[in-house]
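# Fold and geometry: a report
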Number of protein chains: 2
Amino acid sequence: MTDTSFLGALLSADQVSTTTADRDHHGRDWGTPPEEASPPDVVVWPESTAEVADVLAAATERGIPVTPFAAGTGIEGNAVPTRGGISLDLTRMDAVGEVRPADRQIDVEPGVVGAAVDEAVAAHGLFFPPLPTSGDMATVGGMIATNASGKRTVKYGKVGDWVREIEVVLADGSVLTAGTRAAKSSSGYDLRSLIVGSEGTLGVVTRATLALAGRPEQTRVGRATFSTLADATDAAADVVVSGVDVSAVELVDALSARMVNDYVGSDLPEGPTLFLEFQADHGVDEEVEFCRRVLDAHDPTAVLLGSEAAGTDPWEPRRELADAVRAYYPDRRSLHAGDVAVPLGSFSTLVERIHELSEEYGIPLPTFGHAGDGNVHFDVLVDPTDESAVEDAAAVYEEIVTTGIDLGGTATGEHGIGRGKREFMLAEHGETGVETMRAIKTALDPSGTLNPGKIFP
Amino acid sequence: MTDTSFLGALLSADQVSTTTADRDHHGRDWGTPPEEASPPDVVVWPESTAEVADVLAAATERGIPVTPFAAGTGIEGNAVPTRGGISLDLTRMDAVGEVRPADRQIDVEPGVVGAAVDEAVAAHGLFFPPLPTSGDMATVGGMIATNASGKRTVKYGKVGDWVREIEVVLADGSVLTAGTRAAKSSSGYDLRSLIVGSEGTLGVVTRATLALAGRPEQTRVGRATFSTLADATDAAADVVVSGVDVSAVELVDALSARMVNDYVGSDLPEGPTLFLEFQADHGVDEEVEFCRRVLDAHDPTAVLLGSEAAGTDPWEPRRELADAVRAYYPDRRSLHAGDVAVPLGSFSTLVERIHELSEEYGIPLPTFGHAGDGNVHFDVLVDPTDESAVEDAAAVYEEIVTTGIDLGGTATGEHGIGRGKREFMLAEHGETGVETMRAIKTALDPSGTLNPGKIFP
Ligand SMILES: Cc1cc2nc3c(=O)[nH]c(=O)nc-3n(C[C@H](O)[C@H](O)[C@H](O)COP(=O)(O)OP(=O)(O)OC[C@H]3O[C@@H](n4cnc5c(N)ncnc54)[C@H](O)[C@@H]3O)c2cc1C
Ligand SMILES: Cc1cc2nc3c(=O)[nH]c(=O)nc-3n(C[C@H](O)[C@H](O)[C@H](O)COP(=O)(O)OP(=O)(O)OC[C@H]3O[C@@H](n4cnc5c(N)ncnc54)[C@H](O)[C@@H]3O)c2cc1C
């Protein structure tokens, strides 16, 4: 085990731990099955930028890996150390700083949870639009590091689009301020966007200025169910391409709907369903009716929209989906969590292919996701003790992701590459793409201190 | 003079020129005064990605600088060679490729002019929102390389936000595909955003897939004049912060209004004026009235909005501003073109400071710009033969840009650093920022082939 006693000189005793419990907690994230846990040698909880800088500088000097860790809700093992070393837990750096309503901005430390940003700004009539579904657990630092997104991304964009200025500690302990508080800039290279989505492999975010939007005065929700999956996915793309001002278009396929009904006792129609949300300061009902006309062209079998949906919350069961999927088959587990995104015109093709493969291999593939962004999620559910099923699962997964890339899309719309998707980097980015990324990694972190074993194939 | 005879083996005779006329044309851009012209040794017009790659590989091997050049509408000498070498003119690569309405995307070569993108997609009910004011001259490649923006950026974002996938030739001639056609991605480092705004110093864009928006069904325009500059700038910020769905909020100060009136014989009120535009599929008049209430709180002296503006084009004189400024003082010239952007809450402070400095130094500083983005433009107009005035102009300019940076803003909201703003890089990005950019430049272009003498101080 690495000698990490130098940390005692940099941090106080309650900021360093080598207990098994702490190491285990930092050896897994949400997407890591127990057998793939990989704990760090030591966990540290810095409380300031200076402490982060001290730890990084000292670790780089000694050749010890450092893996940033926050809420651990990542899906791809993003925060799981691959070579022991130090887990740098940012959750104690959770101060909510100044809210500047005149700029529509807020300053926060990286350990602040997404929902806490929303709470802090609500009194000013503002909100933080791109929160992921996990927004009440995931941290600002984790969301920036994965360029997370959420149901409202279809209208408002990704987390990265709402980051203005970030403070970042580099591997050698130097402190970078990237970006600007201005709404736009053409000044030098866009280091902010380079850090966004870099999964803690280029630097540690220690402060962020986030942009905010005005809290819309009107919200409407609804859902529409279709007789075929293609009708649902075509309708989703059509809603967006028609220019409906929609703030969420989420797909839930028939199997996923059934799983939710079984889990929470809801009575969702068990067919391919779109969940919709509309937000505006005025005219939202006009928008809902515009949307209804677009949906109608795809022959929905059940629509609960506008006034019909008043007083109900059609979205409620949708929120239980992740747990419902986990609970449905007691002897199966999701071996691969999908997060493929394609251009909107190819969304139906991709989703259709997922269902074909499910039939072909006899593997349940509950399929859902941020349809308005062309982003599909699915779980490859097999019995992990059945060797041939495990092989089939890998083949199915590879085929789906590769199909997405071939359709002009990406292996991951929002979860990041982590450990789980490194094998697709070459197919997506080509040799020049991967080599260019590697050159940047080497330029910024020549010793390879930060989160080794991630992203690169 | 550099031996560039090797180009004859790579390109046909009509693709290479060393005539004085061609070299001179490529030795200046819109922002370069005659005495700062700096021509290349040779101009080449590649017609394919492969030809760009051949030229770059051969130039890098020989240590010859290559400066990409397109329409030459840059303001900061961005495309002007600083050390001779090759001017790589992209304007012959101007094929408009496939329009994919189902994806709301178009493929284009880099030499396509902005307005041509709009024309190509209009029949599909689509448009390319972030066009700069120079959109009928500037090319896609130039707009990407400077991360250009325009009046509609306040609603729709910058050019970079509408770039999906780009093909980029690196200094060694290898061909990178950066980005994805999907609406979002968390796959590896964001090389697309790194190339956007890099001013041809990291690679040459040879193809781009651009995203498009639905052409709104309703457009309204208008203007509002105020008794004080502070009222106008406060009103501009207030319109945006209040959440008015506005597609342009442009400032023209009293002096600029007078210049336009003199130049085109218009009758704009000669006070600080906001020009406004609203676009939506429906409900646009409701939005105009909402905006009117926000403006009214700042006591406008003249408002031409909604139905009052019907049948007129209040924007028309605004379009002549650039030429009007050039023409107004026969013996003065703009020695420095401003392009500072700050957080919205500081916009009034910055603009007020510009006017104070104008008074203090007795230098006319017509002030205008994309107020809704906190982006101000100004021209420092002095007699270039008056030495002390030239010194004053430099001092005024430095003070304004530094004020913008101190307010949390940026030295350039959209024009780029080029040659003209290198001195501000350290103040804006700090030593770590500049060194990090330099490390990336060295990693991607170790021989320094691409557009040397730009961006870095
Ligand atoms: C039920 C559920 C629903 C989800 N829904 C969504 C969704 O809708 N959209 C979506 O995008 N994701 C979703 N996710 C995935 C996950 O929540 C996101 O990836 C989230 O951004 C991770 O944040 P975290 O704080 O948990 O980070 P962690 O998981 O702890 O870390 C994630 C990555 O960020 C790095 N990191 C963390 N903090 C920092 C820092 N300060 N500086 C540098 N690097 C850092 C880590 O090294 C790691 O690479 C979901 C997850 C779950 C469990
Ligand atoms: C009247 C007027 C109004 C303007 N209004 C605006 C405005 O509203 N907003 C705004 O942002 N700008 C504006 N500009 C500035 C200018 O038009 C923009 O910077 C524009 O993006 C430059 O495009 P171009 O084709 O002329 O590029 P050039 O000036 O030829 O080159 C600009 C930079 O891009 C690089 N480059 C060009 N092509 C490529 C390529 N294919 N690959 C890599 N690098 C390349 C060059 O090396 C150079 O660094 C204005 C200019 C004028 C004259």
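Counting from 1, residues in each chain are numbered in the order their sequence is written. Chain labels run from A onward and ligand labels from 1 onward, assigned in the order the entries are written. Under the rules for a predicted model, residues below a pLDDT of 70 receive no local features and side-chain atom pairs below 80 are neither given nor counted, while totals for whole chains, interfaces and linings still include all residues. Here the side-chain values reflect all heavy atoms present in the structure, with hydrogen atoms and water set aside.

### Observations regarding helix 4 (residues 114–122) of chain A
Residue and element names in this part refer to chain A. Type-normalised accessible area, obtained with a 1.4 Å probe on protein chains alone, sets the label of each residue: buried when under 20%, exposed when over 50%, and partly exposed for intermediate values. The way it works is that DSSP assigns letters per residue, a run of H or I at least four long becomes a helix, a run of E at least two long becomes a strand, and they are numbered from the N terminus. Considered for burial, the residues of helix 4 that qualify are G114, V117, D118 and V121. Down the axis of helix 4, the buried set is contained in an arc of 95°. They therefore lie on one face. We call two residues contacting when some pair of their heavy atoms lies within 4.5 Å. Contact partners of the buried residues in helix 4: strand 5 (96–100), strand 6 (105–108), strand 7 (126–127), helix 5 (140–146) and strand 10 (204–211). Summarising the geometry, the arc corresponds to the directions from the helix axis toward the C-beta atoms.

### Remarks on the UniProt feature "domain: FAD-binding PCMH-type" (unreviewed entry) in chain A
UniProt positions are given in the numbering used here, feature names are shortened, and annotations may be inferred rather than shown by experiment. Using the residue numbers shown here, the UniProt feature "domain: FAD-binding PCMH-type" (unreviewed entry) corresponds to residues 36–215 of chain A. Helix makes up 22% of residues 36–215 of chain A and strand 24%, and the two end C-alpha atoms of the span are 42 Å apart.

### Looking at the sheet that holds strand 4 (residues 86–89) of chain B
Residue and element names in this part refer to chain B. A sheet is described by the order of its strands in space; here four strands give the open sequence 1-2-4-3, paired in mixed fashion. Across the chains shown, the open sheet's two edge strands, defined by having one partner strand only, are strand 1 (16–17) and strand 3 (66–69). Pairing between strand 2 (residues 42–44) and strand 4: three bridges, direction parallel. Following the sheet pairing, V42 is matched in strand 4 by I86. Here helix 3 (residues 49–62) sits on the sheet in contact with strand 2, strand 3 and strand 4, set at roughly 165° to strand 4. A pair of strands is treated as paired once DSSP finds two or more bridges between them. Geometry is summarised by axes, namely lines fitted to C-alpha atoms with helices restricted to the contacting stretch, and by angles between N-to-C directions that run from 0 to 180 degrees.

### What to know about the interface of chain A and chain B
The partner chain B presents 74 residues to the 74 residues of chain A that form the contact. Summed over both partners, the accessible surface that disappears when two parts come together, traced with a 1.4 Å probe, is what is meant by buried area. The three residues of chain A that bury the most area against chain B are K184, S186 and Y189 of chain A, which together make up 18% of that side's buried surface. By convention in these notes, a salt bridge is any Lys or Arg side-chain nitrogen within 4 Å of a carboxyl oxygen on Asp or Glu. Linking chain A with chain B are four salt bridges. Of the charged contacts in the structure, one is a salt bridge between D373 of chain A and K184 of chain B, with a shortest N-O distance of 3.3 Å. When residues of the side of chain A that touches chain B are traced back to their parent elements, those giving at least two are strand 9 (175–179), helix 7 (191–195), helix 8 (229–241), helix 10 (284–296) and helix 14 (425–444) of chain A. At 12 residues, the largest contribution of residues to the side of chain A that touches chain B is made by helix 14 of chain A. Following the grouping adopted for this structure description, the nonpolar residues are Ala, Val, Leu, Ile, Met, Phe, Trp, Tyr, Cys and Pro, the charged ones are Asp, Glu, Lys and Arg, and the polar ones are all others, Gly among them. Within the side of chain A that touches chain B, the residues separate by chemical class into 26 nonpolar, 34 polar and 14 charged.

### Some thoughts on the relation of the copies chain A and chain B
Put simply, the two copies of the chain differ by a rotation about an axis and a shift along that axis. A least-squares superposition brings the copies together, and it is based on the C-alpha atoms of residues with pLDDT no lower than 70 in both. By a simple turn and slide, chain A fits onto chain B: the slide is 0.0 Å along the axis, the RMSD is 0.0 Å, and the turn is 180°. A rotation of that kind, with that shift, is consistent with a two-fold axis. In this assembly, 100% of the residues forming the interface of chain A have copies in chain B that are likewise at the interface, indicating an isologous arrangement.

### Some details on the site of ligand 2
Residues and elements named next belong to chain B. Taken together, 34 residues are adjacent to ligand 2, and P68, T73, S134, T139 and S149 come closest. When isolated, ligand 2 has an accessible area of 980 Å², and the protein chains bury 96% of it. Elements represented by at least two residues in the shell around ligand 2 include exactly strand 3, helix 5 (140–146) and strand 10 (204–211). With five residues, the top contributor of residues to the shell around ligand 2 is helix 5. Of the residues that constitute the shell around ligand 2, the class distribution is 16 nonpolar, 16 polar and two charged. By convention in these notes, a residue is near a molecule or strand provided one of its non-hydrogen atoms lies within 4 Å of it. For the accessible areas, the method is Shrake-Rupley and the probe is 1.4 Å, while residue cover comes only from the protein chains on display.

### Things to note about the site of ligand 1
Residues and elements named next belong to chain A. Around ligand 1, the structure places 34 residues, and the nearest of them are P68, T73, S134, T139 and S149. Whenever two N or O atoms come within 3.5 Å, that pair is a polar contact, provided that in protein one can donate a hydrogen and the other can accept it, and provided that, for residues adjacent in sequence, both atoms are side-chain atoms. At 2.6 Å, a backbone N or O of P68 approaches an oxygen atom of ligand 1. Interatomic distance of 2.9 Å between a side-chain N/O atom of E414 and a nitrogen atom of ligand 1. Considered on its own, ligand 1 offers 980 Å² of accessible surface; in the complex 96% of this is hidden by protein. If you list the elements that add at least two residues to the shell around ligand 1, you get strand 3 (66–69), helix 5 and strand 10. It is helix 5 that provides the largest number of residues to the shell around ligand 1, a total of five residues. Of the residues assigned to the shell around ligand 1, the class counts are 16 nonpolar, 16 polar and two charged.

### Quick look at the sheet that holds strand 15 (residues 300–305) of chain B
Residues and elements named next belong to chain B. Read across the sheet, seven strands follow the order 15-12-14-13-17-18-16 without closing on themselves; strand pairing throughout is antiparallel. Single-partner strands in this sheet number two, and they are strand 15 and strand 16 (333–341). This sheet shows a mean twist of 15° between the axes of neighbouring strands, independent of strand direction. Relative to strand 15, strand 12 (residues 218–226) runs antiparallel, the two sharing five bridges. Along strand 15, the bridge assignment pairs T225 with A302. Most of the contacts of helix 8 (residues 229–241) go to strand 13 (residues 248–252), to which it runs at about 170°, and overall it touches strand 12, strand 13 and strand 14 (273–280).

### Here's the deal with unusual backbone geometry
One non-glycine residue with positive phi stands out, namely N451 of chain A, at about 45°. Tracing the sequence through the fold places N451 of chain A in the segment after helix 14. For I455 of chain B, which is not glycine, the phi torsion reads 65° and is therefore positive. Positionally, I455 of chain B belongs in the segment after helix 14 (425–444).

### Here's the deal with helix 3 (residues 49–62) of chain A
Under the 1.5 Å per step criterion, the end-to-end length of helix 3 of chain A is 20 Å for 14 residues, consistent within 8% with the ideal 20 Å. With its phi angle positive at about 70°, G63 of chain A sits one or two positions after the end of helix 3 of chain A. Given a helix with a known number of residues, its expected span is that number minus one, times 1.5 Å.

### What about the packing of helix 14 of chain A against helix 14 of chain B?
Following both chains from N to C, one finds helix 14 of chain A and helix 14 of chain B inclined at 140°, their axes separated by 9 Å at the closest point. Viewed along their axes, helix 14 of chain A and helix 14 of chain B adopt a mutual orientation that is oblique. The way helix 14 of chain A lies across helix 14 of chain B gives a crossing that is right-handed. Where helix 14 of chain A abuts helix 14 of chain B, its residues T436, A439, I440, A443 and L444 of chain A lie against T436, A439, I440, A443 and L444 of chain B. Here the contact of helix 14 of chain A with helix 14 of chain B is built from residues that sort into eight nonpolar, two polar and no charged. In these notes the angle categories are as follows: under 35 degrees is roughly parallel, over 145 is roughly antiparallel, 65 to 115 is roughly perpendicular, and the rest is oblique. Less than a right angle of anticlockwise turn of the near helix away from the far helix marks a crossing as left-handed, whereas a clockwise turn marks it as right-handed.

### What about the packing of helix 8 of chain B against helix 10 (residues 284–296) of chain B?
Residue and element names in this part refer to chain B. Viewed as axis vectors pointing N to C, helix 8 and helix 10 meet at an angle of 140°, and their least axial separation amounts to 9 Å. It follows that helix 8 is oblique to helix 10 by the angle criterion. Here the hand of the crossing between helix 8 and helix 10 comes out right-handed. Taking contact as the criterion, the partners of A235, D238 and V239 in helix 8 are, on helix 10, C291, V294 and L295. Grouping the constituent residues of the contact of helix 8 with helix 10 by class yields five nonpolar, no polar and one charged.

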